[in-house]
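Summary of structural features
Here are the chains, one letter per residue:
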Amino acid sequence: MDRKWLPLNALRAFEAAGQHLSFTAAANSLTVAQSAVSRHVIVLENFLGVALFERRPQQLVLTEAGRHILPVVSKSFDRIDQALGEVIKEKGRPKRVLKVALPTSFAHRLAIPILRDFRAENAGISLEIVSKPTTGPEVDGDVDIAIVYSEPRVTDAIHDLLWMVRSTLLCSPQLLEGADASDPARFIAANDLLHLKIDGRPRHFFWEMFVRSIGRPDIAVDRGLVFDTQQLEAQYAMSGDGLALLDPLLFHEEIKAGRLVRPFDLWLDEGYGYYLTTHPEDLSNEAVALFRSWLIARFSAGPTGRPAEDGGAPEPPKLRAAK
């Protein structure tokens with residue numbers, strides 16, 4: 001499409017109406033007449049040849065076409081606004097700003113050395129970090145790039161696998177004192193279990209997978225505490241109570257220091273992994289493309305982003321179930 005024909009005023013009116021789902025509220029936000037907003041939206045619909053709203057009594061509802069283009073239009077205006085603001089603030093020498101979302105546990109365990117190294121190599125890019133629990137493949141509209149903890153899924157976004165999670169049973173060394181750790185099934189049945197909350201899954205999802213993998217689906221696992229991050233789950237386990245199923249690559253420092261121990265050589269392939277997630281349209285952003293390629297190269301050295309001889313955690317052994 002020739003950009004000189006882009007109806008920018010109509011797009012602004014559509015964005016406001018799409019956010020407020022009201023021509024009147026959109027007009028108030030733009031400080032124009034309600035009729036002007038309505039007219040601009042009609043112009044855009046005629047330009048596209050499709051309806052963007054269903055006009056219902058006292059209500060606007062986005063059509064499928066409207067839902068498709070609204071986040072793209074909003075993000076484009078956000079980027080223009082951000083770039084103009086940076087030029088004004090930096091007096092013509094703006095830094096590129098990249099908003100990155102990280103899962104909480106990933107941010108606590110791995111982000112510091114990774115982000116420090118990236119900044120050292122790319123001083124012209126300013127990073128804004130958002131840390132929150134993520135257990136799905138979606139990227140929020142106000143984020144440029146995200147690392148998400150998710151199953152493999154097909155969505156409109158681009159998902160680059162950094163590593164697949166392999167969990168093992170971890171607990172505090174105090175829990176092993178005086179305990180019968182000769183049999184995994186007996187040890188699991190005798191202790192509280194710590195669970196990771198996963199959207200759309202029962203709270204004991206991973207423990208059910210684990211006991212099935214050791215051939216003991218009869219063990220009751222619906223008990224214990226539920227946490228929304230692996231970080232909290234590990235901290236509780238280190239307090240001396242409860243068994244956790246965790247990725248040891250995230251907690252190799254605690255394992256090395258003896259604050260967490262692995263009582264059995266048992267591994268679970270969760271089916272979940274850490275994915276670098278971007279929207280296809282954002283790859284035209286030089287900062288997004290640079291961060292994406294840099295991070296993929298960094299993690300090609302191993303799941304921690306560092307070779308083992310440089311302090312990264314070694315790969316776990318291949319998965320196996322107990323006989």
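Residues numbered from 1 in each chain as written. Predicted model: local features only at pLDDT ≥ 70, side-chain atom pairs only at ≥ 80, totals over all residues. Heavy atoms only, no water.

1. Topic: empty space enclosed by the protein
Quick reminder of the rule: Using a 1 Å grid laid over the protein atoms alone, points where a 1.4 Å probe fits but cannot get out form a cavity; open sets with protein on both sides within 12 Å along at least 5 of 7 lines form a pocket; any residue with an atom within 4 Å of a point counts as lining. Grid points are joined across faces, edges and corners, and a volume is the space filled by probe spheres set on the points. Helix and strand labels come from DSSP, where a helix needs a run of H or I of at least four residues and a strand needs a run of E of at least two; each type is numbered from the N terminus.
Per the stated rule, a full pass over the model turns up two cavities of 30 Å³ or more. Empty space within the second largest cavity amounts to approximately 30 Å³. Every residue along the wall of the second largest cavity is listed here: His 195, Leu 196, Ile 198, Arg 201, Pro 202, Arg 203, Phe 205, Phe 206 and Trp 207. Going through the elements one at a time, strand 7 (193–196) and helix 8 (205–213) are the ones with two or more residues in the lining of the second largest cavity. Here the lining of the second largest cavity gets three residues from one element, more than from any other, and that element is helix 8.

2. Here we look at the sheet that holds strand 5 (residues 145–150)
Stated formally: Whether two strands pair depends on DSSP finding at least two bridges between them. Axis definition: a line fit to C-alpha positions, over the contact stretch in the case of helices; interaxial angles, taken between N-to-C directions, run 0 to 180 degrees. Any pair of residues with heavy atoms lying within 4.5 Å of one another is described as a contacting pair.
As summarised here, the arrangement of the eight strands in space is 4-3-5-10-6-9-7-8, forming an open sheet in which the pairing is mixed. Looking at strand neighbours, the two that pair on one side only are strand 4 (125–131) and strand 8 (225–227), the edges of this open sheet. Neighbour to neighbour, the strand axes of the sheet diverge by 25 degrees on average, direction disregarded. Contacts from helix 8 reach strand 5, strand 6 (158–170), strand 7, strand 9 (243–246) and strand 10 (268–278) within the one sheet, and its direction differs from that of strand 10 by about 140 degrees.

3. Remarks on the environment of Gln 59
Take Gln 59: it is sitting in strand 2 (residues 59–62). For the pair Gln 59 and Phe 23, spaced 36 residues apart in sequence, the C-alpha to C-alpha distance is 9.2 Å.

4. Things to note about the side chain of Glu 254
Let me state the cut-off plainly: Type-normalised accessible area, obtained with a 1.4 Å probe on protein chains alone, sets the label of each residue: buried when under 20%, exposed when over 50%, and partly exposed for intermediate values. Distance and chemistry together define a polar contact, namely a pair of N or O atoms within 3.5 Å, with one atom able to donate a hydrogen and the other to accept it when in protein, and with adjacent residues in sequence counting only for side-chain atoms on both sides.
Relative to the assigned elements, Glu 254 resides in helix 10 (residues 252–257). Glu 254 gets classed as buried once you look at its relative accessible area, which sits at 6%. Reaching out from Glu 254, the side chain makes a polar contact with the side chain of Arg 109 at a distance of 2.4 Å. Sequence-distant contacts of Glu 254, defined by excluding residues within four places in its chain, comprise Arg 109, Met 238, Arg 259 and Leu 260.

5. Observations concerning the pairing of strand 10
When you tally the buried positions in strand 10, you get nine out of eleven residues, the bulk of the element. Of the pairings in the sheet, the one linking strand 5 to strand 10 comprises six bridges and is antiparallel in character. Each residue of the ladder has a partner; that of Ile 145, found in strand 10, is Thr 278. By the bridge criterion, eight bridges tie strand 6 to strand 10 in an arrangement that is antiparallel. Bridge pairing links Leu 161 to Tyr 275 in strand 10.

6. Here we look at the pairing of strand 2
With four bridges joining them, strand 1 (residues 53–56) and strand 2 adopt antiparallel strand pairing. When the sheet's bridge partners are listed, Phe 53 is paired in strand 2 with Leu 62. A loop of two residues connects strand 1 with strand 2, the two strands running antiparallel in sequence, and Gln 58 in this loop sits at a positive phi of about 60 degrees.

7. Some words on the packing of aromatic side chains
The cut-off we apply is this: Two rings from Phe, Tyr or Trp (for Trp, the six-membered ring) form a pair when their centres sit within 6.5 Å of each other. Planes less than 30 degrees apart are called stacked, planes more than 60 degrees apart edge-to-face, and all others tilted.
Within the structure shown, the criterion is met by 16 aromatic pairs. On the numbers, 6.3 Å between centres and 25 degrees between planes, the contact of Phe 106 with Trp 163 is stacked. Highlighted residues: Phe 106 in helix 5 (residues 104–121) and Trp 163 in strand 6, separated in sequence by 57 residues. As far as burial versus exposure is concerned, Phe 106 and Trp 163 are alike and both buried.

It is worth stressing that arrangement in space is one thing and function is another; only the former is reported here.
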